[in-house]
Amino acid sequence: MLKRKCDRCGKKAAMELPYGPHYFCREHFLHFFEKRVRKTCRTNKLVKPGEKLLVAYSGGKDSSVALYLVNKIFGKSNKVEALLIDEGIKGYRDCALQYAEKNCKAWGIPFTRVSFKKEFGFTMVDVMRKTGAKKKIGSTCAFCGVLRRRLMNKYAKKLGMDKLVTGHNLDDEVQSILMNVCEADLSRLVRLGPIAGISSIKGLVPRIKPLWESPEIEIIAFAYYNKIHHYEEQCCPFKWQAKRNTYRAILNQLESQFPGTMYSILSFFRQAKPKLVEKKREVKLNSCKECGEPCSGSTCMSCKKIMEFKKK
Ligand SMILES: [Zn+2]
Ligand SMILES: [Zn+2]
């Protein structure tokens with residue numbers, strides 16, 4: 001039990017944030033957390049007045065908190081809706097999406113539910129069966145990600161939304177930064193940030209991350225203290241994210257030994273990114289001849305992969 005008192009009111013602290021260090025009671029922790037999310041949105045100009053926001057909602061802790069706060073902060077001035085994507089992983093995604101539907105209804109947020117099965121004719125379980133789980137762990141996970149982002153972009157446009165909101169948190173982002181550094185992948189590295197991808201491309205709806213500066217552990221606490229019900233299972237049962245989990249463990253160890261490490265890495269990235277981006281290239285994109293989504297060649301990555309898969 002914490003003996004320290006809340007920094008703000010002197011009541012018994014419920015939370016200790018070692019990087020501050022901060023001590024907060026429940027109420028002042030919630031206030032602190034929400035204020036930081038507002039600051040992330042404001043300083044990075046994530047949302048402009050009147051923009052319509054589509055939140056990619058899985059039913060897990062991150063997207064639950066993202067949807068809850070985006071709706072709380074912008075729900076009165078901006079249109080906020082949710083997109084639920086069912087990859088067809090029984091016992092996992094269908095369970096998570098039950099939470100998602102329940103919360104949308106409870107919070108009065110309109111939602112659209114789409115599925116891989118209906119959109120592409122197969123589920124991720126079919127993909128696993130055909131490609132064989134063990135050998136292609138990384139690429140299967142990437143395939144799933146490509147398809148999810150494709151549906152997100154498709155439905156954002158279809159529903160007339162201006163921005164896509166994802167639940168990526170501080171831990172996710174710092175893991176990605178470190179992974180790209182360790183793999184010397186500069187082009188992927190510079191695509192990270194609170195606004196993902198190259199936001200100025202026509203036909204691509206920008207993806208924003210309001211939880212960019214929110215540590216995972218605090219998201220769990222925020223959901224708990226606010227009684228936001230969410231699906232608790234963290235990882236996909238196929239455990240495609242083996243590599244990321246190694247980075248997660250290393251970063252967690254660094255953070256516990258040297259509190260504030262994750263914020264330092266984020267700060268380093270923030271300072272380095274402008275210097276790493278080559279002067280703005282005019283990116284010209286074509287429309288994919290299969291699906292019409294923007295792409296650099298004649299057929300987009302997701303269509304190529306889908307065709308590859310269907311041939312097998
Ligand atoms: Zn307090
Ligand atoms: Zn395509």
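Residues numbered from 1 in each chain as written. Chains lettered and ligands numbered in written order. Predicted model: local features only at pLDDT ≥ 70, side-chain atom pairs only at ≥ 80, totals over all residues. Heavy atoms only, no water.

Caption draft 1: Geometry of the coordination of the zinc ion (ligand 2). At 2.3 Å from the zinc ion (ligand 2) lie its protein donor atoms, namely Cys-288 (SG), Cys-291 (SG), Cys-300 (SG) and Cys-303 (SG). Taken together, the four donor atoms coordinating the zinc ion (ligand 2) span angles of 104 to 116° at the metal, a pattern that classifies the geometry as tetrahedral. All donors to the zinc ion (ligand 2) come from one chain, and their sequence spacing reads C-x2-C-x8-C-x2-C. The class for Cys-291 is partly exposed, based on a relative accessible area of 27%. By relative accessible area, which is 6% here, Cys-300 ends up buried. (Donors = N, O, S within 2.8 Å, 3.2 Å for Na, K, Ca; no water. Tetrahedral: all angles 85-135°; square planar, octahedral: opposite > 155°, others 65-115°. Buried < 20%, exposed > 50% of the residue type's maximum accessible area, 1.4 Å probe, protein only.)

Caption draft 2: Focus on the coordination of the zinc ion (ligand 1). Around the zinc ion (ligand 1), the protein supplies Cys-6 (SG), Cys-9 (SG), Cys-25 (SG) and His-28 (ND1) as donor atoms, at distances of 2.1 to 2.3 Å. For the zinc ion (ligand 1), the four donor atoms in the first shell make angles of 96 to 115° at the metal, so the coordination geometry reads as tetrahedral. Counting gaps between the donor residues of the zinc ion (ligand 1) yields the pattern C-x2-C-x15-C-x2-H. Within this pair, whereas Cys-6 is found in the segment before strand 1 (15-17), its partner His-28 is found in helix 1 (residues 26-43), the two being separated by 22 residues in sequence. (Helix = DSSP H or I, 4+ residues; strand = E, 2+ residues; numbered from the N terminus.)

Caption draft 3: Fine view of helix 11 (residues 261-276). Compared with an ideal rise of 1.5 Å per residue, which puts 16 residues at 22 Å, helix 11 spans 21 Å between its outermost C-alpha atoms and is within 8% of the ideal. Roughly 25° is the biggest bend found in helix 11, and it falls at Arg-270, with proline Pro-274 one to four residues downstream. Buried residues of helix 11: Thr-261, Met-262, Ile-265, Leu-266, Phe-269 and Ala-272, and no others. Structurally, helix 11 contributes buried residues whose contacts are with helix 7 (170-182), helix 8 (186-189) and helix 10 (242-257). (Expected span 1.5 Å × (residues − 1). Bend = angle between axes of the 7 residues up to and from the residue. Contact = heavy atoms within 4.5 Å.)

Caption draft 4: Summary view of the pairing of strand 5 (residues 111-115). Summarising the sheet, strand 4 (residues 80-86) and strand 5 pair through five bridges and their orientation is parallel. Looking at the pairing, Ile-85 lines up with Val-114 of strand 5. Tracing the backbone out of strand 4, into helix 3 (residues 93-107) and back to the parallel element strand 5 gives a crossover that is right-handed. (Pairing = 2+ DSSP bridges. Right-handed = clockwise from strand over helix to strand, strands pointing away.)

Caption draft 5: Spatial organisation of the sheet that holds strand 5. Strand order in the open sheet made by the six strands is 5-4-3-6-8-7, with mixed pairing throughout. Sheet topology places strand 5 and strand 7 (195-196) at the edges, where each strand pairs with a single neighbour. Across two bridges, strand 7 lies against strand 8 (residues 207-208) in antiparallel orientation. The partner of Ala-196 across the bridge, within strand 8, is Arg-207.

Caption draft 6: Quick look at unusual backbone geometry. Pro-21 follows Gly-20 through a cis peptide bond whose omega is -15°. You can see Pro-21 is positioned in the loop between strand 1 and strand 2 (22-24). Positive phi is not limited to glycine here, since Ala-184 has a value of about 55°. Mapped onto the elements, Ala-184 comes out in the loop between helix 7 and helix 8.

Caption draft 7: Layout of the packing of helix 10 against helix 11. One can describe the packing of helix 10 onto helix 11 by two numbers: an axis separation of 8 Å at closest approach and a directional angle of 110°. As summarised for this structure, helix 10 and helix 11 are arranged roughly perpendicular, according to the angle between their axes. The residues of helix 11 that touch helix 10, namely those facing Leu-251, Asn-252, Leu-254 and Glu-255, are Thr-261, Met-262 and Ile-265. Across the contact of helix 10 with helix 11, the residue classes tally to four nonpolar, two polar and one charged. (Axes fitted to C-alpha atoms, helices over the stretch in contact; angles between N-to-C directions. Parallel < 35°, antiparallel > 145°, perpendicular 65-115°, else oblique. Nonpolar A, V, L, I, M, F, W, Y, C, P; charged D, E, K, R; others polar.)

Caption draft 8: Geometry of the pairing of strand 4. Across the seven residues that make up strand 4, a large majority, seven, are buried. Here strand 4 shows two buried faces, one formed by Val-80, Ala-82, Leu-84 and Asp-86 and the other by Glu-81, Leu-83 and Ile-85. When strand 3 (residues 53-56) meets strand 4, the two strands line up parallel, connected through four bridges. If you follow Leu-54 over to strand 4, its bridge partner there is Glu-81.

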